[in-house]
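# Breakdown of the fold
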Amino acid sequence: MDTQALKAEQKRRAQEIVHVDSLPFAEPRFIGGADVGFEQEGAVTRAAIAILHYPSLQLVEFQIARIPTVMPYVPGLLSFRECPGLLAAWEKLVQKPDLLFVDGHGISHPRRLGVASHFGLLVDVPTIGVAKKRLCGQSAPLSEAPGSQSALMDHDEQIGWVWRSKARCNPLFISTGHRVSLNSALMWVKRCQQGYRLPEPTRWADAVASQRPAFQRWLRENPQ
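Residues numbered from 1 in each chain as written. Predicted model: local features only at pLDDT ≥ 70, side-chain atom pairs only at ≥ 80, totals over all residues. Heavy atoms only, no water.

### Concerning the UniProt feature "site: Interaction with target DNA" (unreviewed entry) in the chain
- According to UniProt, the positions carrying the feature "site: Interaction with target DNA" (unreviewed entry) are Tyr73.
- Residue placement: Tyr73 occurs in the loop between strand S3 (59-68) and helix H2 (78-92).
- Contact partners of Tyr73, with chain neighbours within four places excluded, come to Leu78 and Arg81. (UniProt positions renumbered as here; feature names shortened; annotations may be inferred. Helix = DSSP H or I, 4+ residues; strand = E, 2+ residues; numbered from the N terminus. Contact = heavy atoms within 4.5 Å.)

### Looking at helix H3 (residues 115-123)
- Counting buried residues along H3, eight of its nine residues qualify, which places the element largely inside the surrounding structure.
- Every buried residue belonging to H3 is among Val115, Ala116, Ser117, His118, Phe119, Gly120, Leu121 and Val123, and all of these are buried.
- For H3, the secondary structure elements touched by its buried residues are helix H1 (3-14), H2, strand S4 (99-103), strand S5 (127-131) and strand S8 (172-178).
- One or two residues past the end of H3 sits Asp124, with phi positive at roughly 55°. (Buried < 20%, exposed > 50% of the residue type's maximum accessible area, 1.4 Å probe, protein only.)

### Looking at the sheet that holds strand S7 (residues 157-163)
- Taken together, the eight strands give an open sheet; going across it, the order is S3-S2-S1-S4-S5-S8-S7-S6, and neighbouring strands pair in mixed fashion. At either end of the open sheet lies a strand with only one pairing partner, and these are S3 and strand S6 (149-154). On average, adjacent strands in this sheet sit at an angle of 25° to one another, irrespective of strand direction.
- Bridge count between strand S1 (residues 30-39) and S4: four bridges; the pairing is parallel. Bridged to Gly32 within S4 is Leu100.
- Sitting on the sheet, H2 touches S1, strand S2 (44-53), S3 and S4, and the angle it makes with S3 is about 135°.
- Of the strands in this sheet, S1, S2, S3, S4 and S5 are in contact with helix H5 (residues 200-210), which crosses S2 at around 135°. (Pairing = 2+ DSSP bridges. Axes fitted to C-alpha atoms, helices over the stretch in contact; angles between N-to-C directions.)

### Here's the deal with the pairing of S1
- Counting buried positions along S1 gives eight out of 10 residues, so the element sits mostly inside the fold.
- As defined by bridge partners, S1 adjoins S2 across 10 bridges and the pair is classed as antiparallel. Residue pairing in the sheet places Gly33 in a bridge with Ala50 of S2.
- Linking S1 back to S2 in an antiparallel pair, the connection comprises four residues, with Gln40 at a positive phi of about 50°.

### Re the side chain of Thr176
- When you line up the elements, Thr176 lands in strand S8.
- Within the structure, Thr176 has its side chain in polar contact with the backbone oxygen of Val180 (distance 2.8 Å).
- Among all residues touching Thr176, those that are not within four sequence positions of it are Val18, His19, Gly106, Ile107, Ser117, Thr127, Ser181, Leu182 and Ala185. (Polar contact = N/O pair within 3.5 Å; in protein donor to acceptor, adjacent residues only side chain to side chain.)

### Quick look at the packing of aromatic side chains
- Overall, the coordinates contain six aromatic pairs when judged by the stated rule.
- Between the aromatic rings of Phe215 and Trp218, the centroid separation amounts to 6.3 Å while the plane-to-plane angle is 15°, which identifies the pairing as stacked. Here Phe215 pairs with Trp218, and both are found in helix H6 (residues 213-221), just three residues apart, close to one helical turn.
- The exposure class of Phe215 is buried, given its relative accessible area of 1%.
- Accessibility expressed as a relative area gives 13% for Trp218, which makes it buried.
- Each residue in the set Phe25, Tyr54 and Trp188 is aromatic and connected to the rest through ring pairs, giving one cluster.
- The ring of Phe38 is capped by Arg81, whose NZ or CZ atom sits 3.9 Å from the centre of that ring.
- One residue, Arg191, lies across the ring of Trp188, its end atom 4.6 Å from the ring centre. (Phe/Tyr/Trp six-rings, centres within 6.5 Å; stacked < 30°, edge-to-face > 60°. Lys NZ or Arg CZ within 6 Å of the ring centre and 35° of its normal.)

Structure representation (structure tokens):
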């Protein structure tokens with residue numbers, strides 16, 4: 001595996017990211033959430049995409065794809081490991097989303113191409129990165145109050161937002177994926193927050209991927 005070539009590809013693809021709003025809607029009808037995990041000690045990539053109706057934020061479709069993992073974990077190159085699974089799940093969707101939240105970074109990445117940006121480019125859909133941990137950049141300390149926020153900066157460039165979505169929880173790192181501005185990315189994440197740490201699209205994607213009780217209940221109430 002030529003990691004230097006992959007890093008060069010990231011820098012090249014990062015130049016293609018659209019950092020302003022290029023949204024094919026006034027209000028979206030469907031918002032998706034995407035989550036990737038690994039099974040069998042990393043040998044299998046499991047990608048889940050949940051589709052929610054907007055503004056009700058009710059789950060209307062989900063797809064899970066399991067494929068052989070294409071490459072080992074390499075810090076900073078995670079999108080090359082995760083995107084093949086996401087593409088497999090994307091191809092199974094009946095209802096494609098107008099806007100997609102991805103569990104991971106967008107431009108808040110050392111080479112400005114986290115999985116949300118990489119996948120947004122591949123499918124040419126507006127995407128937002130919703131990450132649980134900082135990958136790079138600095139920010140002012142947040143207060144403990146829910147709703148507190150701070151710009152995530154890398155030198156003189158803003159690459160995202162740090163936002164405390166819920167009291168007594170670690171903050172989230174929100175960034176442009178593709179075709180969504182930084183301000184709109186934070187606005188849409190706030191609009192999709194319903195009292196949990198994660199916004200509803202990625203919360204449901206995680207629930208689907210991990211077969212959590214909320215998803216099990218949904219399956220019982222919505223027999224396939």
